[in-house]
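Tertiary structure, described
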Amino acid sequence: MSRTILGSRRQALLAAAVLAFVGCERSPVQPSATGLSASATAASGDNLFPAADPTGTVATYSTTGSLDLGNPFFQSLGTNGRSCGSCHLIENGLGLSAANVQARFASSAGTDPLFAAIDGANCPAAGSASGADAHSLLINNGLIRVGLTVPNPAEFALAVVHDPYHCALVVDPVNGPTASMYRRPLPATNLSFLTTVMFDGRETVAKLDNPTTHAVNLRADLSHQAIDATLGHAQAATAPTTAQVSAIVDFELVLFTAQRSDQSAGILEAQGANGGALELASQSFFPGINDPLGGNPTGAAFDPAAFTIYRPWLSLSSSDKTQYTAARQAVARGEEIFDTHPLSITNVRGLNDALSTPLINGTCTTCHDAPNVGNHSLPVPLDIGTSHVFQYEQDPNIRAALAQLSMPDLPVYQISCAGSPDVFTSDPGRALITGKCADVNRIKGPILRGLAARAPYFHNGAAATLQEAVSFYNLRFQMGLTAQEQADLVAFLKSL
């Protein structure tokens, strides 16, 4: 089998991305001259593979010193030409940006395997020959369709009230009623920090809440996910072999990805800062490491200062002044805002209801608590409102927050639970896995590293930019941020 990613055109795109770099204070790491050979090895001894992104440079660090492009991760193991690398691109921080999708659609006239009708079209019946309109959610918002069987039995009744693509709910002759969800691909890197696999946790077949079993269970979960992705997204006739699955998981678990440079702030490990993938790879982690609800198995108290990467930049003095000083100070202020700025947590399913507390005073790190990583250190899926539907929303804070987003035109479902008002949602979240009313709209928060490389944001691609995401949080949780504080927070997020 050819040891390439997706042919010569795909090789050229990736080669250009890996070789691109933004001029900063020190010479960039350059990959080996072989570039996209079967084993791409980083020069300079630090195993970094950089790629240009919209605000600077993202880099992936491999603890093995190479990126084996002959790994089954990059091989088509199904029937439609796709590989794991079709949706998890090195130049997008092992995720997928809408900009990349748009370029691939334009250059291939929609024939790239990414646009396979099974889930790359808004509905499977549309087909790749139907033009951009048939793939609008993928092209504009980077969304892949996920067909989920409605649980039977379930505590709720589900009905469709808006069906723009005519496949919101279809009857599968084998599995029964199947609902179409549209979600962003999660990055296939930084996986050692996971406590939930997939937004709704459906691939968490072995729990990831115990430090003793985390490593073994994570391998089991990622193996299960690799099999399901090959049979589903790649439309394989048979499951990948045990050796292929093991090789894919081995490849994924040695990768760490983070922003390495910023066009305004320069190299993100300069002047005492600890940005970049090298530092991330050495970050301590175990399930519950900084849990705000007392779940740390060591008994240590929650520390809201979960991010400390750019703390040294807060104290830059006039003697430290460079062309990057002002931008670095903004990044550091943004980190401090993330750690310390008060917010009001209300009407969050999975948190306020679980604690029987209508108001929780917290900070961003109340939910994004894993130190210098940004996901939750325990599996706690939450409903912060991103799946809510503006025209049906009653909570004024959520309604105001939704108005800040570039929400795609998604199907709308009506969820009816006994004794509760009906819920209108574009994605019932974990409820489609468990069948429980308490899980409606609940999804996990993803790892917050390498964000600049993979816009748009949120599980449904509703935030076109990090500014939209910050504007959403500002109103959703009544943060009262000034324009400068919002700009600083954006500067921090794009430096992760």
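Residues numbered from 1 in each chain as written. Predicted model: local features only at pLDDT ≥ 70, side-chain atom pairs only at ≥ 80, totals over all residues. Heavy atoms only, no water.

Some words on the side chain of Ser471
Heads up, the condition is: In DSSP terms, a helix is any run of H or I states spanning at least four residues, a strand is any run of E spanning at least two, and both are numbered starting from the N terminus. Only protein chains enter the accessibility calculation, which uses a 1.4 Å probe; a residue is then buried when its area is under 20% of its type maximum, exposed when over 50%, and partly exposed in between.
With respect to the helices, strands and loops of the structure, Ser471 is situated in helix α12 (residues 466-476). By relative accessible area, which is 13% here, Ser471 ends up buried.

A word on the sheet that holds strand β8 (residues 176-183)
Selection rule: In this analysis, strands are considered paired if DSSP registers two or more bridges between them. An axis is simply a line fitted to the C-alpha atoms; with a helix, the fit covers only the stretch in contact. Between two such axes, the angle follows the N-to-C directions and lies from 0 to 180 degrees.
Taken in spatial order, the 3 strands line up as β5-β8-β7 in an open sheet, and their pairing is antiparallel. One side of each edge strand has no neighbouring strand; the edge strands of this open sheet are β5 (144-149) and β7 (169-172). Averaged over neighbouring strand pairs, the angle between their axes works out to 40° when direction is ignored. Summarising the sheet, β7 and β8 pair through 4 bridges and their orientation is antiparallel. Opposite Leu169, over in β8, you have Ala179 as the bridge partner.

A closer look at the packing of aromatic side chains
Pairs of aromatic rings are described using the distance from one ring centre to the other and the angle between the two planes. Worth spelling out the cut-off: Note on aromatic pairs: the rings of Phe, Tyr and Trp (six-membered ring only in Trp) are paired at centre separations within 6.5 Å, and the planes decide the class, stacked below 30 degrees, edge-to-face beyond 60, tilted for the rest.
For the coordinates displayed, the defined rule picks out 17 aromatic pairs. A centroid spacing of 5.0 Å and a plane angle of 85° characterise the contact between Phe105 and Phe115, whose relative ring orientation is edge-to-face. One end of the pair, Phe105, is in helix α2 (residues 98-108); the other, Phe115, is in the loop between α2 and α3 (117-120), and 10 residues separate them in sequence. This pair shows no difference in class: Phe105 is buried, exactly as Phe115 is. Plain terms: the ring middles of Phe307 and Phe492 are 5.4 Å apart, the flat faces sit at 85° to each other, and that makes the pair edge-to-face. One end of the pair, Phe307, is in the loop between α7 (277-281) and α8 (325-340); the other, Phe492, is in helix α13 (residues 483-493), and 185 residues separate them in sequence.

Overview of the environment of Leu218
What counts is decided by this rule: Throughout, a contact is declared for two residues whenever any of their heavy atoms are within 4.5 Å.
Summarising the element assignment, Leu218 is placed in helix α5 (residues 214-232). On the basis of relative accessibility, which here comes to 3%, the residue Leu218 falls in the buried class. Measuring from C-alpha to C-alpha, the distance between Leu218 and Ser192 comes to 7.7 Å, with 26 residues separating the pair along the chain. For Leu218, the residues in contact, after removing those within four places along its chain, are Leu191, Ser192, Leu194, Val197, Leu208 and Leu253.

Observations concerning the nonpolar core
To be explicit about the condition: Think of a nonpolar core as a cluster: buried Ala, Val, Leu, Ile, Met, Phe, Trp, Tyr and Cys residues, connected wherever their side-chain atoms sit within 4.5 Å.
Core analysis: the largest hydrophobic core is formed by 44 residues, its most contacted members being Tyr310, Trp313, Phe338, Leu489, Phe492, Leu493 and Leu496. When residues of this core are traced back to their parent elements, those giving at least two are α8, β11 (343-345), α10 (396-402), α12 and α13. If near-sequence neighbours (up to four positions away) are discounted, Trp313 is found in contact with Ala265, Ile267, Leu268, Ala270, Gln271, Ala273, Arg328, Gln329, Val331 and Ala332. Counting residues in each nonpolar core, the second largest holds 37 residues, with Ala59, Phe74, Ile248 and Phe251 among its members.

Thoughts on the packing of α12 against α13
Just so we agree on the cut-off: These descriptions rest on fixed angle ranges, namely under 35 degrees for roughly parallel, over 145 for roughly antiparallel, 65 to 115 for roughly perpendicular, and the rest for oblique. A clockwise turn of the near helix away from the far one marks a right-handed crossing, whereas an anticlockwise turn of less than a right angle marks a left-handed crossing. Residues are sorted three ways: Asp, Glu, Lys and Arg are charged, Ala, Val, Leu, Ile, Met, Phe, Trp, Tyr, Cys and Pro are nonpolar, and all the rest, Gly among them, are polar.
Two numbers describe how α12 lies on α13: the axes approach to 9 Å, and their chain directions differ by 125°. In terms of orientation, α12 lies oblique with respect to α13. Pair α12 / α13 crosses with right-handed handedness. Across the interface between the two elements, Leu466, Gln467, Val470, Ser471 and Asn474 from α12 touch Gln486, Leu489, Val490 and Leu493 from α13. Here the contact of α12 with α13 is built from residues that sort into 5 nonpolar, 4 polar and no charged.

Quick look at the state of the cysteines
Simply put, the disulfide is a covalent bond whose two ends are the sulfur atoms of two cysteines. For the record, the criterion: Here, a disulfide means two cysteine sulfur atoms that sit within 2.5 Å of each other.
Within the structure shown, the criterion is met by 2 disulfides. The residue that forms a disulfide with Cys123 is Cys167, at a sulfur-sulfur distance of 1.9 Å. Here Cys123 and Cys167 share a disulfide; its torsion about the S-S bond, -90°, makes the bridge left-handed. With Cys123 in the loop between α3 and α4 (136-141) and Cys167 in the loop between β6 (156-162) and β7, this residue pair connects regions lying 44 residues apart in the sequence. Across the pair, exposure class does not vary: Cys123 and Cys167 are buried alike. One disulfide in the model links Cys417 with Cys437; its S-S distance is 2.1 Å. For the disulfide bridge between Cys417 and Cys437, the dihedral angle about the S-S bond is near -105°, and by the sign convention the bridge is left-handed. Taken as a pair, Cys417 in strand β13 (residues 412-417) and Cys437 in the loop between α11 (431-434) and α12 lie far apart in primary sequence, 20 residues in all. Take Cys417 and Cys437: they sit in the same class, and that class is buried. Disulfide connectivity for the protein, with bonded cysteines indexed by sequence position, reads 1-2, 3-4.

Here's the deal with the sheet that holds β6
Ordered in space as β6-β13-β14, the 3 strands form an open sheet in which the pairing is antiparallel. Lying at the two open borders of the sheet, with one neighbouring strand each, are β6 and β14 (423-425). Within the sheet, the average angular offset between the axes of one strand and its neighbour, ignoring direction, is 25°.

Comments concerning the confidence of the model for the protein
We count it as follows: A residue's pLDDT is the confidence the predictor assigns to it, expressed on a 0 to 100 scale.
When pLDDT is averaged along the protein, the result is 91, and 90% of the positions lie at 70 or above. This model gives residues 1-40 a pLDDT under 50, and the stretch forms 89 contacts once residues within four places in sequence are excluded.

Re the pairing of strand β2 (residues 48-53)
With 5 of 6 residues buried, β2 lies mostly within the body of the structure. Relative to strand β3 (residues 56-62), β2 is paired through 6 bridges, and the arrangement is antiparallel. Pairing of Leu48 across the sheet is with Tyr61, part of β3. Hairpin connection, β2 to β3: the antiparallel pair is bridged by 2 residues.

Considerations on the environment of Gly120
With respect to the helices and strands, Gly120 occurs in helix α3. Spatially, the C-alpha atoms of Gly120 and Leu138 are 6.4 Å apart, while their sequence positions differ by 18 residues. Leave out the neighbours within four places in its chain, and Gly120 touches Arg82, Leu114, Phe115, His135 and Leu138.

Here's the deal with α2
Put simply, the rule reads: Directions are taken from the helix axis to each C-beta atom, and the arc is the one they span.
Restricting attention to buried positions, one finds in α2 the residues Ala98, Asn100, Val101, Arg104, Phe105 and Ser108. Projected onto a plane normal to the axis of α2, the buried residues spread over an arc of 155° and lie on a single side. Set apart from the buried face of α2 by more than 90 degrees, the exposed residues are Ala99 and Ala106. Directly after α2, the chain includes Ala109, whose backbone phi takes a positive value near 55°.

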